[in-house]
Each structure stands twice: as structure tokens, then as C-alpha cells.
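Single-letter residue listing:
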Amino acid sequence: MTRPRPARRPPLDADAEAVGQRIRALRAARGVSLSTLARTAGVGKATLSALENGTRNPTLETLYAITAQLGVPLAAVLAGPATTPTVRGATVVATLLESFTDTDASYELYRLRVHPGGEQVSPAHRPGVTEHVTVFAGVLRAGPVDAPLTAAAGGHLRWTSDVPHGYAALGDEEVAASLLLRYPRS
């Protein structure tokens, strides 16, 4: 009898090699060893090495853990010329629509789909980062893990995301939403 294979995660839509090169360049620019980044981000050293070499597609959770430790927005490893990268996590599918900078902050705008039946937890961002979600369809529970917020279609949520925070679709309907992350200038 053949054992069923575990389901593979869908691949990263962005170019894995380019994402890996950006991670390596950011790590090197900060003088952080591969071992140190792997340990502080909570990912395996072999996993991080494979990501940097472009031979492994990271999940949204892994990218958030790495970028949080590097102190950069997610778009810093995703964005390339003329790309609209999509990354997938356990429950969330996020497509980067735009990243832009103002005098006091940088921003990332994402289209989100949150699948029902699970919850995705993201690690804390650096102090002062805020998330702003507008729900277009479904009912979303999101925000700090210890004090989540809820919004239905037409609703808006905002929280400071320098603590672990999660996303979950309530009920059987997929959530369609936009997410604006605001990263204050250091």
C-alpha cells in the first residue's frame, strides 16, 4: 500500500531566486550570519540557506519571520521591477499591489484572501508598525492575538502590529480584503 504524500504548499509566485538574493543581501548588509538569522527568525538553517539560494519557496509566515528580524518590510524581499508578487501562508494569500514612501513612513498595500477554517499568526513587526484592513467580503477576525478585532464586509480594522497578530475568516465564506501596512521611519 502506498502512503499518500502530504500536500505541497503552492509555490511563491515571485521569483524565488530574486527573493533569496534580496534576503542574502539584506542579511549581509546588516552583518548578520546565516546561523544567527535562522535562530532569531525561528527557521532552520538549511531552510534559510535554501531560500537564499533560490531552491526553496518560502511561505508567508517564513518571510514575515525573516523580514521582522531584518527590520524591513515584507516588500523589501518581494518587490522587483514590474512585479506584483503573491505569497501564500497557512490561511492567507497576499498580493503586493504597491509599495510607496512618504516623508514619515513607508507603506505596503496588499490584496488579501483569507480562507475559512484556519488561522494564520504573524510575528511582531518592529515598534510603531500599524496594519489597516478593509473587508470587502466575508467576516474577518484579525489583530493582536490576545485582543482580536472583527469586521464584516464594509468594515475596517486597525491595530499596532508590534505584537504577534492573526488573521482568520469566520464562517464558511472566504474573506476578500485590502491590507495597508505603515512602517514609520526610524
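You'll find the structure just up there.
A few points on the structure.

Each value, and the rule that gives it
Each residue is numbered by its place in its chain's sequence as written, counting from 1. Thresholds applied to this predicted model are a pLDDT of at least 70 for local features of residues and 80 or more for the giving and counting of side-chain atom pairs; totals over whole chains, interfaces and linings are not thresholded and use all residues. To get the side-chain values, take all heavy atoms of the structure and skip hydrogens and water. Think of a salt bridge as a Lys or Arg side-chain nitrogen and an Asp or Glu carboxyl oxygen that are within 4 Å of each other. We count a stretch as a helix when DSSP gives it H or I for four or more residues in a row; a strand needs E for two or more, and each element gets its number in order from the N terminus. To define a nonpolar core, start from buried Ala, Val, Leu, Ile, Met, Phe, Trp, Tyr and Cys residues and group those joined through side-chain atoms within 4.5 Å. Working definition: with a 1.4 Å probe on protein chains only, accessible area under 20% of the residue-type maximum means buried, over 50% means exposed, and in between means partly exposed. In what follows, residue pairs with any heavy atoms lying within 4.5 Å of each other are defined as contacts. A pair of strands counts as paired when DSSP detects no fewer than two bridges linking them. Angles here are taken between N-to-C directions and fall from 0 to 180 degrees, while the axes themselves are lines fitted to C-alpha atoms, restricted in helices to the stretch in contact. Note on aromatic contacts: the rings of Phe and Tyr and the six-membered ring of Trp form a pair at centre separations within 6.5 Å, being stacked when their planes are under 30 degrees apart, edge-to-face when over 60 apart, and tilted otherwise.

### Some remarks on the pattern of salt bridges
Piece 1. Taken as a whole, this structure holds five salt bridges when the rule is applied.
Piece 2. Notably, a salt bridge pairs Asp104 with Arg182, separated by 3.1 Å at the nearest N-O pair. With Asp104 in the loop between strand 2 (92-101) and strand 3 (105-114) and Arg182 in strand 10 (residues 175-184), the pair connects residues that are 78 residues apart, well separated along the chain.
Piece 3. Two residues, Arg113 and Glu174, come together in a salt bridge whose shortest N-O distance is 3.7 Å. Placement of the pair is Arg113 in strand 3 and Glu174 in the loop between strand 9 (165-170) and strand 10, with a sequence separation of 61 residues.

### A short note on the nonpolar core
Piece 1. In terms of nonpolar packing, the biggest core is built from 43 residues, with Tyr110, Leu140 and Tyr167 touching the most fellow members.
Piece 2. Among the elements that line this core, the one with the most residues is helix 4 (residues 60-70), at six residues.
Piece 3. For Leu140, the residues in contact, after removing those within four places along its chain, are Val114, Val133, Val135, Leu149, Thr150, Ala151, Leu157, Tyr167, Ala168 and Val175.

### Points about helix 4
Piece 1. In terms of burial, helix 4 is a largely internal element, eight of the eleven residues being buried.
Piece 2. All of the buried residues along helix 4 are Leu60, Thr62, Leu63, Tyr64, Ala65, Ile66, Thr67 and Leu70.
Piece 3. Phi turns positive one or two residues past the end of helix 4, at Gly71, with a value near 70 degrees.

### Focus on the sheet that holds strand 7 (residues 149-152)
Within a sheet, neighbouring strands are paired by backbone hydrogen bonds and run either parallel or antiparallel to one another.
Piece 1. Spatial ordering of the open sheet is given by 4-9-6-7, a layout of four strands whose pairing is antiparallel. Each edge of the sheet is formed by a strand with only one pairing partner; in this case those strands are strand 4 (120-122) and strand 7. Within this sheet the neighbouring strands show an average axis-to-axis angle of 20 degrees, counted without direction.
Piece 2. Direction of pairing for strand 6 (residues 139-144) relative to strand 7: antiparallel, over a ladder of four bridges. When the sheet's bridge partners are listed, Arg141 is paired in strand 7 with Thr150.

### Considerations on the pairing of strand 8 (residues 156-160)
Piece 1. On strand 8, burial follows the alternation: Leu157 and Trp159 on one face are buried, whereas His156, Arg158 and Thr160 on the facing-out side are not.
Piece 2. Pairing geometry for strand 5 (residues 130-137) and strand 8, over five bridges, is antiparallel. Bridging across to strand 8, Val133 finds its partner in Leu157.

### Some points on the packing of aromatic side chains
Piece 1. Applying the stated criterion to the full structure yields two aromatic pairs.
Piece 2. Seen from their ring centres, Phe100 and Tyr107 are 5.1 Å apart, and the 15 degrees between their planes marks the pair as stacked.
Piece 3. Overall, the relative accessible area of 32% leaves Phe100 in the partly exposed class.
Piece 4. For Tyr107, a relative accessible area of 14% corresponds to the buried category.

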